[in-house]
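So the chains spell out like this:
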Amino acid sequence: MLPGGLAEGLYVHVPFCFHKCHYCDFYSITRQDEGRMGKFVERLLKEAEVWGSSSRISTVFFGGGTPSLLPLEMMRKLLQGLKLRFDLSQVDEWTVEVNPATATLEYCQMLREEGVNRLSFGAQSFVVAELATLERHHEPRQVAESLQLARQAGFKRLNIDLIYAIPGQTLESWRRSLEEGMALGTGHMSCYGLTYEPNTPMAVKKRLGVIKGAEESVELEMLRHTRRRLAEVGWPAYEISNYAKEGEECRHNLMYWRGGNYIGLGPSGASHVEGWRWRNRPHLREWEEAVDEGRLAAVEVEKLSAEQRARELGMLMLRLRRGINYEEFAGRTGMDARMLFAGVVGQMTNHGLLEGDQSGFWLSEGGLAVADAISAELLKG
Ligand code: SF4
């Protein structure tokens, strides 16, 4: 039996989208009907029963997929059902991802009534041609309209996601999208460099020469501009891709980056509890069968050793602006990060990629561009 009772975070994966964006490799399907969605909600609640009883959750995140594609009454049933199965009385952040093309006032009001207190909208770009390149099916104006509906429904905590380094995007057009995003006043923004995940249509088109990826130097300049500009307006980066006004940081994501315990429900949902790590089957039918038969839908189950866990935590904490704080790290792992990462830190600091003091170490501006490579070094034994 896998441990669940210590979870502080709950992730719910809703694997339905009305269209597949060409860069996306999250698990979702586009062919569904209300019957299957209704059964999906029932199965999620059945799956929740396995983990619910002893967990005291402080953050909840509904991602996907497109959670807001669940019809209103089904979503209400899911929210109410989860509240019966988990102790959600201490939840201080409950986020739902909403598609800007489908948000309605009634839907936002229902979410708010049921305890959701943060919404996240995938804006991606405010340039029509760039949205078309990404195969996103919403119009730029719908982002502002959705945010207005969300505010009308009482939401104060809001996020928009943007993507940079889109084929054909210039530094100038990225600056414009960023300014438009900032003008919406959400206080939190996630800005991701476009990645070409294997087997996505974007990756195939790039391989075939149909599209050309952004030059590395342009992408880096976009990242640097983003960090400078958002810091100027008081939304500094608190993580490599995330920017927020003080107090608006996403607590659920911070829980991941600090090595917290969480349970993931739904196909492809990932879980981590005290060094046990697993993932639900990333396939709706297989997940359905497992839940119907009363089996755990878990695959890729592994128990990390104390050192593996500490190294993984180092890799996650390095994403944060404050990097790896020695005291916090020792509190969570019982290990001294100075000793564990001595070789890497010495080498990377000499190359100007890490900076540090007596309290810890973090990525320098130069290190940001090669953060993944530095993380990989921290993971090595
Ligand atoms: S809406 Fe989100 S989850 Fe669905 S295909 Fe697009 S990026 Fe992926």
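Since the model is a prediction, treat every value here as computed from it, not as a measurement. Each chain carries its own residue numbering, running from 1 in the direction its sequence is written. Predicted model: local features are reported for residues with pLDDT of at least 70 only, side-chain atom pairs are reported and counted for 80 or more only, and whole-chain, interface and lining totals are derived from all residues.

Draft legend 1. Region of the structure containing the overall build of the protein. What counts as a helix is a DSSP run of H or I of at least four residues, what counts as a strand is a run of E of at least two, and both are numbered from the N terminus. The secondary structure content of the protein amounts to 16 helices and 15 strands. To get the radius of gyration, use the C-alpha atoms; to get the globule rule, take the number of residues to the power 0.38 and multiply by 2.2 Å. In terms of overall size, the protein behaves like a compact globule, its C-alpha atoms giving a radius of gyration of 21 Å where 381 residues would be expected to give roughly 21 Å. On the principal axes, the C-alpha backbone points of the protein span a range of 60 × 50 × 45 Å. Expressed as a percentage of its 381 residues, the buried residues of the protein come to 40%. Note that contacts rest on C-beta atoms placed from the backbone: two residues are in contact if these are within 7 Å. Taking as baseline every contact in the protein between residues at least 6 positions apart, the subset at least 24 positions apart corresponds to 71%. To assign burial, the other C-beta atoms lying within 10 Å of each residue's own C-beta are counted, with C-beta atoms placed from the backbone; 20 or more indicates buried, 12 or fewer indicates exposed, and intermediate counts indicate partly exposed.

Draft legend 2. Molecular detail of the packing of helix 11 (residues 306-317) against helix 12 (residues 326-333). Here, axes are lines fitted to C-alpha atoms. For helices the fit covers the stretch in contact, and angles between N-to-C directions go from 0 to 180 degrees. Two numbers describe how helix 11 lies on helix 12: the axes approach to 10 Å, and their chain directions differ by 145 degrees. As helix 11 packs across helix 12, the resulting crossing turns out to be right-handed. Here Arg309, Ala310, Leu313 and Met317 of helix 11 come into contact with helix 12, specifically with Phe329, Arg332 and Thr333. All amino acids are sorted into three groups, where Ala, Val, Leu, Ile, Met, Phe, Trp, Tyr, Cys and Pro are nonpolar, Asp, Glu, Lys and Arg are charged, and the leftover types, Gly among them, are polar. Looking at the contact of helix 11 with helix 12 residue by residue, the class counts come to four nonpolar, one polar and two charged. Whether a crossing is left-handed or right-handed is set by the direction in which the near helix is turned from the far one by less than a right angle, anticlockwise for left-handed and clockwise for right-handed.

Draft legend 3. Looking closely at the site of the ligand. To decide nearness, the C-beta atom of each residue is placed from the backbone, and the residue is near a molecule or strand if that atom lies within 6 Å of it. Around the ligand, a shell composed of Cys17, Lys20, Cys21, Cys24, Phe26, Ser28, Gly64, Gly65, Thr66 and Gly122 is seen. Across the shell around the ligand, the residue classes tally to four nonpolar, five polar and one charged.

Draft legend 4. Local environment of the nonpolar core. In these notes, a nonpolar core means any group of buried Ala, Val, Leu, Ile, Met, Phe, Trp, Tyr and Cys residues linked to one another through C-beta atoms within 7 Å. In this structure, Leu10, Cys108, Ala150 and Leu162 are the most contacted members of the largest nonpolar core, which totals 86 residues. What fixes the domain bounds is an automatic or database domain assignment. When residues of this core are sorted by domain, at least three fall in each of domain 1 (9-257) and domain 2 (307-379). Apart from the residues lying within four places of it in its own chain, the contact partners of alanine 150 are Cys108, Leu119, Phe155 and Leu158.

Draft legend 5. Broad picture of the sheet that holds strand 13 (residues 324-325). Any two strands with at least two DSSP-identified bridges between them are counted as paired. If you trace the three strands from one edge of the open sheet to the other, you get 13-15-14, paired in antiparallel fashion. Here the strands that pair on one side only, and so sit at the sheet edges, are strand 13 and strand 14 (354-357). Judged from the four bridges that link them, strand 14 and strand 15 (residues 360-363) form a sheet pairing that is antiparallel. Note on strand 15: the bridge partner recorded for aspartate 357 is glycine 360.

Draft legend 6. Here's a closer look at unusual backbone geometry. The residue after glycine 64, namely glycine 65, is reached through a cis peptide bond having omega 15 degrees. Tracing the sequence through the fold places glycine 65 in the loop between strand 2 (59-64) and helix 2 (72-85). Positive phi values are uncommon outside glycine, yet serine 268 reaches one of about 75 degrees. Considering the arrangement of structural elements, one finds serine 268 in the loop between strand 9 (262-265) and strand 10 (270-273). Although it is not a glycine, glutamate 274 adopts a positive phi angle of roughly 45 degrees. Looking at the secondary structure, you find glutamate 274 in the loop between strand 10 and strand 11 (276-280). Glutamate 274 gets classed as partly exposed once you count the C-beta atoms within 10 Å, which come to 14.

Draft legend 7. Structural detail: the environment of tryptophan 174. As for its position among the elements, tryptophan 174 is in helix 6 (residues 171-183). Setting aside residues up to four positions removed in sequence, tryptophan 174 forms contacts with Tyr164, Gln169 and Met222.

Draft legend 8. Structural detail: the domain arrangement of the protein. By domain assignment, the protein separates into domain 1 (9-257) and domain 2 (307-379). Using only C-alpha atoms to locate each centre, domain 1 and domain 2 end up separated by 28 Å. Each partner contributes to the interface: domain 1 provides eight residues, whereas domain 2 provides eight residues. Of all elements in the fold, only helix 8 (216-232), strand 7 (237-239) and helix 9 (251-257) reach the threshold of two or more residues within the side of domain 1 that touches domain 2. The dominant element in the side of domain 1 that touches domain 2, judged by the number of residues it contributes, is strand 7, at three residues. Residue classes in the side of domain 1 that touches domain 2 are distributed as seven nonpolar, no polar and one charged.

Draft legend 9. Structural detail: helix 6. Each helix should span, by expectation, one fewer than its residue count multiplied by 1.5 Å. Taking 1.5 Å of rise per residue, 13 residues should cover 18 Å, and helix 6 covers 18 Å from first to last C-alpha, within 8% of that figure. Restricting attention to buried positions, one finds in helix 6 the residues Trp174, Ser177, Leu178 and Gly181. Buried positions in helix 6, seen along its axis, are confined to an arc of 100 degrees and lie on one side of it. Exposed positions of helix 6 whose direction lies more than 90 degrees from the buried face are Glu172, Glu179 and Ala183. Residues of helix 6 that are buried make contact with strand 4 (118-124), strand 5 (157-164), strand 6 (188-193) and helix 8. Count one or two residues on from helix 6 and you reach glycine 185, which has phi positive near 65 degrees. What the arc measures is the spread of directions leading from the helix axis to the C-beta atoms.

Draft legend 10. Looking closely at the pairing of strand 5. When you tally the buried positions in strand 5, you get seven out of eight residues, the bulk of the element. Pairing of strand 4 with strand 5, which is carried by six bridges, proceeds in the parallel orientation. Bridge assignment links serine 120 to a residue of strand 5, and that residue is asparagine 159. One crossover worth recording links strand 5 to the parallel strand 6 by way of helix 6, and it is right-handed. Handedness of a crossover: with both strands directed away from the viewer, a clockwise path from the first strand across the helix to the second marks it as right-handed.

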